[in-house]
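The primary structure of each chain is shown beneath.
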Amino acid sequence: MDQINILIGTPGRLLQHMDENPLFKCDNLQILVLDEADRCLDMGFEATMNAIIENLPPERQTLLFSATQTKSVKDLARLSLSFPTYVAPHEQAATVTPESLQQSYIVCEIDEKVGILWSFIRNHLKQKVLVFMATCKQVKYTYDLFCKLRPGVSLLALYGSLHQEKREKIYNEFCRKSNVVLFATDLASRGLDFPKVNWVIQMDCPEDVDTYIHRAGRTARGVFGKGEGLLMLLPHEEKIVEDLKNRKIPINKISVDPSKVIAPQRKIEALLSDNTELKQTAQRAFVNYLKSVFLMKNKDIFNVQLIDTDAYARSLGLIVPPRIRFLHKYNKNISPNQEKNEQDNVVKKITNSNNYDEGSEVTSAEEEESKVINNMPKPRTEKLTKKIPQFEFDNNDDSDIEDFLKVKKTNTVIETPQTKEFEQTSKKKAKPLTKAAVAKKILKKKIKVNTTVKFTEDGEVIADDKRDLKSELAKQLNNESVGGLDIEKAKEALQEEDKFDKIRFREKVKAKHKEQKRKLKNKTKEEDGEKDDFGSQSESDGPDLSWLPNPDKVYGKKESDEQSSSDGKSDDSKQSSDNQHSDDSDNSDNEIYHRPTKRKLIESRGIPQDSIAPRKIKKIQDVSAKLSVQEAEALAMSLLNKKYM
Ligand SMILES: Nc1ncnc2c1ncn2[C@@H]1O[C@H](COP(=O)(O)OP(=O)(O)OP(=O)(O)O)[C@@H](O)[C@H]1O
């Protein structure tokens, strides 16, 4: 780190190295360059920049760059500049922005913005467009929504809450592609050099003139760069144009042909009703936009009270406008006097500077305020179309959207009784639906929230042993319809339930053990069965113990056996004779114990088992062979008769 010649970094990262890296030394620093110097020196980076400057040697050259350079002595004094030189290459130029940048603005209602943007994109499919919005949430929502609506061109979104790697990927993708739309926050308004951007759309009014210049500067870059800029303003935001013109920015007012605006309102509403996540993003976009307007410094231009929030919510696809808590809180905290003053101010401003409400009569401040908020004079663009040149939606690219636009009717709604009914009911719902109201409704209907009931295919309820309450106390507590929760009672009920849970658990363990035992038993049985295959043929035959050594041989002969052994018979032959004459009483015990199976005996004598026929059958075969047919028949009959007598 101490060997490097050039270091490029953001203020935060640089300060982190200074604080945490022992190898990072700036004693020999010769040149400090601050790109986007006005931004670096403004309030947001003040503390960080002051800390960095403290760590740098005072003997150095300092270079500051920006398209909107600060001349504030206070700011420059912090850098300890001596003999500063101001270099402005375009100071004598007629305009501060490049001549090849064509700039225009439109005035529209807040609920028209989405439709205008959508129509613009649909008509510029073969162009590279950069759209600036006020907040991350708006960018995210517009991106998600338009992706679902499929405009027919690549869409990208760039905003601060994205991971750095993703930001870089999106940046590179936007640079690479030529037909693409990028939705972005002011994160992309400075320093990023996107090549060949055709259009910069400022969908929300920029914070100040500097922000406008930086945003617009993303197009018409370099020596031969060309581009166009479009600024969308709400009627009360039009005052910024004056500031722009005072700063030598050539900007012309144009209007939009309403017949060419296709607002996919129904589609958006349908999408949101199907997709809760998208709906939540829309709600966040709505609240965050209003918050950003509320927090703007320049209250002459930004006034959240003048925004038709219901219309804005509807344009985002939200049928029920989300609650704007910060605004409610703010309105509550304003004392009546303050409120009246504010109202007076709003009215004065509107009546003085706005030409749209020429016909309205001021009766009292309060009346006027409510007029301003609820019945804001609508400076519809149609009114202005006579004087102002129209915005050319049809561009020269090869897309066949021109025909499409001519054929398609805008906002065609087939009126069905259902839609009429819906509109009527939605009109009736003037009262906002609060969470408390919803909760009251649920309580009235006695619906138990957060309960799951499972049914069989026949519609019978399946009892859930885990969820069913067992103890009386818990049941009682559950049935109580009093709001709130008695912690002590709930604790006791839980303890009671715990007892039943333990019993259930014990039973479960017992059942498991039983099952294990049963399985083990079955296994051993199976193993025994396998042994039988190799030992005795059937259980009635008894175990095959022929393989055991002869106890006589091992323990010597018994007295009772002496006689039989003296007959000169071998052990094997004795065994076989024993089998043949099983009624021999002397050796009966040994016989039963040592009796091998018939199969074993036959095998031990070396006679093939197949060749042995049962003795009785053999005898009959022998006798019948010697008889004639008649004699054999007679014999058979007599045998049968004998058997059944
Ligand atoms: N002398 C030059 N000849 C040709 N092209 C140039 C020249 N100087 C700059 N450019 C091109 O102009 C574009 C803008 O340059 P650069 O990014 O340096 O501007 P910048 O003033 O830093 O802009 P910003 O700070 O607003 O992002 C770049 O694409 C660059 O290649």
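Higher on the page you've got the structure.
None of the values given here were measured: they were computed from a predicted structure. (Residues numbered from 1 in each chain as written. Predicted model: local features only at pLDDT ≥ 70, side-chain atom pairs only at ≥ 80, totals over all residues. Heavy atoms only, no water.)

A.B. asks: For the site of the ligand, give the residues involved together with the corresponding values.
C.D. replies: Near the ligand you find Glu-36, Gly-191, Asp-193, Arg-218, Arg-221, Gly-222 and Val-223, and these make up its full shell. In this structure, an oxygen atom belonging to the ligand sits 2.7 Å away from a side-chain N or O atom of Arg-218. Gly-222 places a main-chain nitrogen or oxygen 3.4 Å from an oxygen atom of the ligand. Protein contact buries 41% of the 630 Å² of open area that the ligand shows by itself. Its residues placed into classes, the shell around the ligand shows one nonpolar, two polar and four charged. (Near = heavy atom within 4 Å. Polar contact = N/O pair within 3.5 Å; in protein donor to acceptor, adjacent residues only side chain to side chain. Areas by Shrake-Rupley, 256 points an atom, 1.4 Å probe, with all protein chains shown as cover. Nonpolar A, V, L, I, M, F, W, Y, C, P; charged D, E, K, R; others polar.)

A.B. asks: I'd like to hear about the sheet that holds strand S9 (residues 252-253), residue by residue, with values.
C.D. replies: Taken in spatial order, the seven strands line up as S5-S6-S4-S7-S8-S3-S9 in an open sheet, and their pairing is parallel. At either end of the open sheet lies a strand with only one pairing partner, and these are strand S5 (154-158) and S9. In this fold helix H7 (residues 164-176) packs onto strand S4 (128-132), S5 and strand S6 (180-184), with an angle of close to 140 degrees to the strand it touches most, S5. Strand contacts of helix H8 (residues 209-216): strand S3 (101-107), S4, strand S7 (199-202) and strand S8 (227-233), with the helix running at about 150 degrees to S7, the strand carrying the most contacts. (Pairing = 2+ DSSP bridges. Helix = DSSP H or I, 4+ residues; strand = E, 2+ residues; numbered from the N terminus. Contact = heavy atoms within 4.5 Å. Axes fitted to C-alpha atoms, helices over the stretch in contact; angles between N-to-C directions.)

A.B. asks: Describe the side chain of Asp-257, and please don't skip the residues or the numbers.
C.D. replies: Assignment of secondary structure puts Asp-257 in the loop between strand S10 (255-256) and helix H10 (265-274). Here the side chain of Asp-257 touches Ser-259 through a polar contact of 2.9 Å, side chain to side chain.

A.B. asks: Which residues make up the nonpolar core, and what are the values?
C.D. replies: Membership of the largest hydrophobic core comes to 85 residues, with the highest contact counts inside it found for Leu-117, Phe-146 and Phe-183. The biggest single contributor to this core is helix H11 (residues 276-295), with eight residues. For Phe-146, the residues in contact, after removing those within four places along its chain, are Val-114, Leu-117, Trp-118, Ile-121, Pro-151, Leu-155 and Phe-183. If you look at the next biggest cluster of nonpolar residues, it comprises 15 residues, including Met-18, Met-49, Ile-52 and Leu-79. (Core = buried A, V, L, I, M, F, W, Y, C linked by side-chain atoms within 4.5 Å. Buried < 20%, exposed > 50% of the residue type's maximum accessible area, 1.4 Å probe, protein only.)

A.B. asks: Give a description of the pattern of salt bridges that names residues and reports values.
C.D. replies: Any two side chains of opposite charge can pair, on the condition that their charged atoms come close. This model, assessed by the stated rule, comprises 13 salt bridges. With a shortest N-O distance of 2.9 Å, Arg-190 and Asp-38 are connected by a salt bridge. Of this pair, Arg-190 sits in the loop between S6 and S7 while Asp-38 sits in helix H2 (residues 37-40), and the two are 152 residues apart along the sequence. Each of the two residues, Arg-190 as well as Asp-38, counts as buried. Between Glu-173 and Lys-177 there is a salt bridge, and its shortest N-O distance comes to 3.0 Å. Taking the relative accessible area as the measure of exposure, Lys-177 reaches 24% and is therefore partly exposed. (Salt bridge = Lys/Arg side-chain N within 4 Å of Asp/Glu carboxyl O.)

A.B. asks: Any chance you could break down helix H6 (residues 136-149) for me, citing the residues and the numbers?
C.D. replies: The end-to-end C-alpha distance of H6 is 20 Å, a good match for the 20 Å that 14 residues give at a rise of 1.5 Å each. Those residues of H6 that fall on the buried side of the exposure criterion are Gln-138, Val-139, Tyr-141, Thr-142, Asp-144, Leu-145, Phe-146 and Leu-149. Buried residues belonging to H6 abut helix H5 (113-123), S5, S6, H10, H11 and helix H12 (309-315). Looking one or two residues beyond H6, the residue adopting positive phi is Arg-150, at roughly 50 degrees. (Expected span 1.5 Å × (residues − 1).)

A.B. asks: Explain unusual backbone geometry to me, and be specific about the residues and the numbers.
C.D. replies: Even without being glycine, Lys-196 reaches a positive phi, approximately 50 degrees. With respect to the helices and strands, the residue Lys-196 is situated in the loop between S6 and S7. The exposure class assigned to Lys-196 is exposed, which follows from its relative accessible area of 74%. Even without glycine at this site, Ala-220 takes up a positive phi of about 55 degrees. Within the secondary structure layout, Ala-220 lies in the loop between H8 and S8. What makes Ala-220 buried here is its relative accessible area of 5%.

A.B. asks: So what's going on with a positive patch on the surface? Which residues, and what values?
C.D. replies: A contiguous patch of positive charge, built from Arg-323, Arg-325, Lys-329, Lys-332 and Lys-435, is present on the exposed surface. For Arg-325, the position within the fold is in helix H13 (residues 325-333). Classification of Arg-325 as partly exposed rests on a relative accessible area of 46%. (Patch = residues over 30% accessible without salt bridge, like charges linked within 9 Å, V, L, I, M, F, W, Y side chains within 5 Å. Lys, Arg positive; Asp, Glu negative; His and termini not counted. Charge placed at Lys NZ, Arg CZ, Asp CG, Glu CD.)

A.B. asks: Account for the packing of aromatic side chains, naming residues and giving values.
C.D. replies: Geometrically, a pair of aromatic rings is defined through the distance of the ring centres and the angle of the planes. With the rule as written, the count across this model stands at nine aromatic pairs. Their ring planes at 25 degrees and their centres at 5.5 Å tell us that Phe-286 and Tyr-312 sit as a pair that is stacked. Taken together, the residues span a long stretch of sequence, with Phe-286 in helix H11 and Tyr-312 in helix H12 at a distance of 26 residues. Assessed through its relative accessible area of 0%, Phe-286 is described here as buried. Ring centres 4.9 Å apart and planes at 75 degrees place the aromatic pair Phe-294 and Tyr-330 in the edge-to-face group. You can see Phe-294 sitting in helix H11 and its partner Tyr-330 sitting in helix H13, a full 36 residues away along the chain. A relative accessible area of 28% means that Tyr-330 is categorised as partly exposed. Three or more aromatic residues joined by ring pairs make a cluster, and in this case those are Trp-118, Phe-146 and Phe-183. One residue, Lys-128, lies across the ring of Phe-174, its end atom 5.1 Å from the ring centre. (Phe/Tyr/Trp six-rings, centres within 6.5 Å; stacked < 30°, edge-to-face > 60°. Lys NZ or Arg CZ within 6 Å of the ring centre and 35° of its normal.)

Shape descriptors only; they carry no functional weight alone.
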